[in-house]
Amino acid sequence: MSSSGGIATVLATYFIKRKGVVYGCAFVPPMQVKHIRCTTLDDIQKLRGSKYVQSDVSEILPCLENDLRQGKEVLFIGTPCQIAGVISNFGQFKNLTTVDLVCHGVPSMQFLCDTLPKKICKGLKDEIGFRINTNYHLFLRRNGSIIYERALSKDLFFKGFFTGILFRPSCFTCLYATPKRVSDITIGDFWGLKSNKILDINNGVSLTLVNTEKGTEIFECVKDKLVYEQHSLDEAIKDNAQLSSPFRRSYREVLFKKLYPKVGYLAAIWSIMPDRLIGTRMKAFLKDRL
Ligand SMILES: Cc1cc2nc3c(=O)[nH]c(=O)nc-3n(C[C@H](O)[C@H](O)[C@H](O)COP(=O)(O)OP(=O)(O)OC[C@H]3O[C@@H](n4cnc5c(N)ncnc54)[C@H](O)[C@@H]3O)c2cc1C
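Given the structure is predicted, the values throughout are model-derived calculations rather than measurements.

**Student:** Explain empty space enclosed by the protein here, please?
**Tutor:** Counted according to the given criterion, the structure contains two cavities of 30 Å³ or more. The calculated volume of the second largest cavity comes to roughly 40 Å³. Around the second largest cavity, the lining residues are Leu152, Ser153, Lys154, Asp155, Leu156, Lys159, Leu277, Thr280 and Arg281. If you list the elements that add at least two residues to the lining of the second largest cavity, you get helix 7 (156–162) and helix 12 (274–289). A per-element tally of the lining of the second largest cavity places helix 12 first, with three residues. Of the residues belonging to the lining of the second largest cavity, the class tally is three nonpolar, two polar and four charged.

**Student:** Any chance you could explain the sheet that holds strand 7 (residues 145–151) here in plain terms?
**Tutor:** Consider a sheet: its strands pair through backbone hydrogen bonds, and that pairing is either parallel or antiparallel. Pairing within the open sheet is antiparallel, and its three strands lie in the order 5-6-7. In this open sheet, the two strands that pair with only one neighbour each are strand 5 (127–132) and strand 7. Shown here is a sheet whose adjacent strand axes are inclined to one another by a mean of 25°, direction ignored. Here six bridges tie strand 6 (residues 135–142) to strand 7, and the two strands are oriented antiparallel to one another. Of the residues in strand 7, the one forming a bridge with Leu138 is Arg150.

**Student:** Just checking my understanding: could you explain the environment of Val74 for this structure?
**Tutor:** Assignment of secondary structure puts Val74 in strand 3 (residues 74–78). The sequence separation of Val74 and Val21 amounts to 53 residues, and the corresponding C-alpha distance is 4.9 Å. The residues touching Val74, leaving out its near neighbours within four places in the chain, are Phe15, Val21, Tyr23, Leu64, Asp67, Leu68, Asn95, Leu96 and Thr97.

**Student:** It is not clear to me how helix 11 (residues 265–272) should be interpreted in this structure. Could you clarify?
**Tutor:** Note that an α-helix has 3.6 residues per turn; residues three or four places apart therefore point the same way. Among the residues of helix 11, Tyr265, Ala268, Ile269 and Ile272 are the ones counted as buried. Seen along its axis, helix 11 keeps its buried residues to an arc of 95°; they face one direction. On its buried face, helix 11 is in contact with helix 5 (109–114), helix 7, helix 10 (251–263) and helix 12.

**Student:** Before we go on, may I ask you to explain the packing of helix 10 against helix 11 in this structure?
**Tutor:** Helix packing for two helices is described by the angle between their axes and how far apart those axes are. Helix 11 packs onto helix 10 with a crossing angle of 150° between their chain directions and a minimal axis gap of 8 Å. When the axis of helix 10 is compared with that of helix 11, the two are roughly antiparallel. Where helix 10 crosses over helix 11, the two elements pack in a sense that is right-handed. From helix 10, Arg252, Leu255, Phe256, Leu259, Tyr260 and Val263 reach across to helix 11, where they touch Tyr265, Ala267, Ala268, Ile269, Ser271 and Ile272. Of the residues that constitute the contact of helix 10 with helix 11, the class distribution is ten nonpolar, one polar and one charged.

**Student:** Please explain the site of the ligand as it appears in this structure.
**Tutor:** In the region of the ligand, 36 residues are neighbours, and Cys25, Ser50, Lys51, Asp189 and Asn240 sit closest. In the environment of the ligand, an oxygen atom lies 2.7 Å from a nitrogen or oxygen atom belonging to the backbone of Cys25. Asp189 has a polar backbone atom sitting 2.7 Å from an oxygen atom of the ligand. The protein chains hide 99% of the 900 Å² of surface that the ligand would expose on its own. For the shell around the ligand, the elements supplying multiple residues, two or more each, are helix 1 (7–17), strand 1 (21–28), strand 3 and strand 8 (185–189). Taken together, the residues of the shell around the ligand break down into 13 nonpolar, 19 polar and four charged.

Reading the values: rules and limits
Residues numbered from 1 in each chain as written. Predicted model: local features only at pLDDT ≥ 70, side-chain atom pairs only at ≥ 80, totals over all residues. Heavy atoms only, no water. 1 Å grid on protein atoms, 1.4 Å probe; cavity = no way out; pocket = protein on both sides within 12 Å on 5 of 7 lines; lining within 4 Å. Points joined across faces, edges and corners; volume = space filled by probe spheres on them. Helix = DSSP H or I, 4+ residues; strand = E, 2+ residues; numbered from the N terminus. Nonpolar A, V, L, I, M, F, W, Y, C, P; charged D, E, K, R; others polar. Pairing = 2+ DSSP bridges. Axes fitted to C-alpha atoms, helices over the stretch in contact; angles between N-to-C directions. Contact = heavy atoms within 4.5 Å. Buried < 20%, exposed > 50% of the residue type's maximum accessible area, 1.4 Å probe, protein only. Arc of directions from axis to C-beta. Parallel < 35°, antiparallel > 145°, perpendicular 65-115°, else oblique. Left-handed = near helix turned anticlockwise from the far one by under 90°. Near = heavy atom within 4 Å. Polar contact = N/O pair within 3.5 Å; in protein donor to acceptor, adjacent residues only side chain to side chain. Areas by Shrake-Rupley, 256 points an atom, 1.4 Å probe, with all protein chains shown as cover.

The structure is reproduced here in structure tokens:
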């Protein structure tokens with residue numbers, strides 16, 4: 001299932017139907033998140049859903065170069081820093097189209113593993129999910145059934161993620177968290193949308209910024225598949241901080257990174273934000289009872 005309005009899948013489908021190749025981020029068992037090469041409509045289903053950890057792109061770069069040299073139409077979807085890397089290596093290829101995500105930062109997969117039961121982590125075969133539409137909800141699914149899940153209010157990975165303590169140091173000085181984007185098309189969540197036409201906001205609405213001529217051409221080709229309307233960039237930026245500046249580093253992040261190697265994830269996060277963790281648990285406890 002897509003995380004937001006599903007624009008990534010619409011764009012990927014367009015490329016696949018034109019016999020192109022799509023590169024994007026997938027969960028690959030056991031417990032890896034990495035970019036994969038997709039050539040069929042079935043393949044692109046694996047890209048759906050945001051994976052809130054760093055995706056490894058190193059393995060697919062030789063295939064990407066090969067596809068571009070062979071003149072295939074290639075779509076690459078990733079975080080802005082991944083796109084900047086791809087463009088600096090392959091930007092000369094006219095058959096390359098890039099789509100970047102609005103991104104507040106990515107944690108290492110190790111942090112997620114630290115919060116999961118070891119047995120589940122090792123045997124994970126099927127799928128990991130972080131969102132059900134607009135709701136953040138961690139789940140692990142095997143053979144179609146959910147085998148493990150944690151609600152946002154009880155989730156120590158999400159707590160670390162949303163407070164920014166898990167992001168890579170470079171995320172706090174991200175050069176790409178600006179309205180001037182690095183890719184042909186930027187996608188994200190249109191938080192705070194006010195619309196008379198798009199009423200089903202709870203199922204997620206994609207924000208789409210068309211940044212280049214190539215991006216405009218592609219958007220024109222897919223727009224009949226979308227329910228869309230035009231808004232000002234200012235409206236998009238208003239509720240989406242990472243369209244204008246990087247996530248701000250906090251003292252909690254500095255402390256967490258110092259403590260984590262010595263005491264591990266759970267002790268480190270409880271030490272740096274006991275107030276927040278107790279507060280959320282109290283709220284969840286009261287909500288269950290009132
Ligand atoms: C780490 C991270 C941080 C984000 N932060 C924000 C934010 O601050 N504001 C905002 O508006 N949106 C943010 N997003 C984007 C948002 O969550 C949705 O991914 C986006 O709106 C696309 O939704 P969709 O329904 O079109 O696509 P979906 O069908 O959900 O597809 C998601 C696309 O994103 C790619 N992708 C998924 N996970 C990763 C990853 N870890 N690394 C690289 N590419 C990935 C996949 O290749 C796929 O093509 C973030 C996404 C990620 C992964």
